[in-house]
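Fold and contact review
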Amino acid sequence: MITDIANKIYMHQKNGLEMDKITIEYPELNVNNAYEIQRLSIEQAIKNGDPLIGWKMGLTSIAKQKSVNVDEPIYGRLTKSMELEENQLSMEGSIHPRVEPEIAFMINKPLFGQDITAKDVWDATEYIVPALEVIDSRYKNFSFTLTDVVADNASSSKFIVGKQVNSPTYTSWDQIKVELYKNGVKVQSGVSSDVLDHPVESVVKLVKMLSKNGEQIDPGMIILTGGITEAVHVEDGDIIEAHFEGIEKVSLQVKK
Ligand code: 0L1
Ligand code: MG
């Protein structure tokens, strides 16, 4: 049953097709089952030539956790086809995309275990870069339970990172003010401490969650630490620009 659900979700992710929540047909599924479904569906992508290049944390703000009635973040897997090389998002293959600004860590040493500390993460950080994540739930109306969204790879769809990489010691990474503009109008603002008090704590939490499931962060993996603002709905023709104060602007143009 778990494998069949994973295969179905993979097909919907690959083809950008919406579906009913899996918990409608299988109400007995729990979050542990969902992480296994996530693992198996992304295994399909990897087998089809789309390698794992990183991990993402989701639901890292209290506001987002409340919206799905949980008090824990979730994680998802990032594969190569999710990374946009150009600042353009095609609506083809998208369902109802939303965009959010994040801080990303590039990791250069293995990170694992329950005893992980922020110092371990800093020691293993090659660089830090601002990013835009595109989330696009495969579920109708972007509506789901925790089990559904974990199985759907935490709504992962696409992401783009900035052009300028930064040393971990460049600035205080919990003090980055971000303003998000849609078609030139400011629609969201936030500060990076909204991500579990500090984006590095998001990586610590990720390592602990992964280790419970027998996983680890390998060198060369990129980590999206979580949305600094609410995600903004986008459609064809929209231009999104995130101003990461003192760092860089990252933009995305939405096309047919
Ligand atoms: O990246 C995120 O925080 C999204 C996590 C899943 C919840 C959602 O799709 O809003
Ligand atoms: Mg996100």
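So, here is what we can say about the structure in this document. Remember, predicted model here, so these are calculated numbers, not experimental data.

1. Points about the overall build of the protein
- Scanning the protein for helices and strands turns up seven helices and 12 strands.
- A globule of 256 residues ought to have a C-alpha radius of gyration of about 18 Å, and the protein, at 17 Å, matches this closely.
- For the protein, the spread of C-alpha atoms along the three principal axes comes to 50 × 45 × 35 Å.
- Looking at the 256 residues of the protein, the share that counts as buried comes to 51%.
- For the protein, restricting intrachain contacts to residue pairs at least 6 apart in sequence, the fraction spanning at least 24 positions comes to 75%.
- Of the roughly 11500 Å² of accessible surface on the protein, 47% is carried by carbon and sulfur atoms.

2. Considering the layout of surface pockets
- Taken as a whole, the largest pocket holds about 460 Å³ of empty space.
- In terms of lining residues, the largest pocket is bounded by 25 residues, among which Q13, K14, S81, S157 and K158 are the most central.
- When residues of the lining of the largest pocket are traced back to their parent elements, those giving at least two are α1 (2-15), α3 (31-47), β3 (88-90) and β6 (156-161).
- A class-by-class count of the residues in the lining of the largest pocket yields seven nonpolar, 12 polar and six charged.
- Counted as a void, the second largest pocket has a volume near 300 Å³.

3. Regarding the coordination of the magnesium ion (ligand 2)
- All of the protein donors around the magnesium ion (ligand 2) are E100 (OE), E102 (OE) and E133 (OE); their distances to the metal are 1.9 to 2.0 Å.
- Counting along the primary sequence, the residues that act as donors to the magnesium ion (ligand 2) give the motif E-x1-E-x30-E. Of this pair, E100 sits in strand β4 (residues 98-107) while E133 is found in strand β5 (residues 125-135), placing the two residues 33 residues apart along the sequence. Like E133, E100 is buried.

4. A short note on the site of ligand 1
- Around ligand 1, the surrounding shell consists of K56, G58, L59, K64, E100, E133, I135, F142, F144, V149, A154 and S155.
- Residue K64 places a side-chain N or O atom 2.9 Å away from an oxygen atom belonging to ligand 1.
- One nitrogen or oxygen atom from the side chain of E100 is found 2.9 Å from an oxygen atom belonging to ligand 1.
- In the complex, the protein chains occlude 95% of the 310 Å² of accessible area that ligand 1 would expose alone.

5. Notes on unusual backbone geometry
- Not every positive phi belongs to a glycine, and S155 is a case in point at roughly 65 degrees.
- Here S155 shows up in the loop between α6 (146-151) and β6.
- According to the relative accessible area criterion, S155 is buried, its value standing at 4%.
- Look at N183: it is not a glycine, yet its phi comes out positive at around 50 degrees.
- Examined against the element boundaries, N183 turns out to sit in the loop between β7 (177-182) and β8 (185-191).
- Residue N183 is classed as partly exposed on the basis of its relative accessible area of 42%.

Conventions we followed
Residues numbered from 1 in each chain as written. Chains lettered and ligands numbered in written order. Predicted model: local features only at pLDDT ≥ 70, side-chain atom pairs only at ≥ 80, totals over all residues. Heavy atoms only, no water. Helix = DSSP H or I, 4+ residues; strand = E, 2+ residues; numbered from the N terminus. Rg over C-alpha atoms; globule rule 2.2 N^0.38 Å. Buried < 20%, exposed > 50% of the residue type's maximum accessible area, 1.4 Å probe, protein only. Contact = heavy atoms within 4.5 Å. Areas by Shrake-Rupley, 256 points an atom, 1.4 Å probe, with all protein chains shown as cover. 1 Å grid on protein atoms, 1.4 Å probe; cavity = no way out; pocket = protein on both sides within 12 Å on 5 of 7 lines; lining within 4 Å. Points joined across faces, edges and corners; volume = space filled by probe spheres on them. Nonpolar A, V, L, I, M, F, W, Y, C, P; charged D, E, K, R; others polar. Donors = N, O, S within 2.8 Å, 3.2 Å for Na, K, Ca; no water. Near = heavy atom within 4 Å. Polar contact = N/O pair within 3.5 Å; in protein donor to acceptor, adjacent residues only side chain to side chain.

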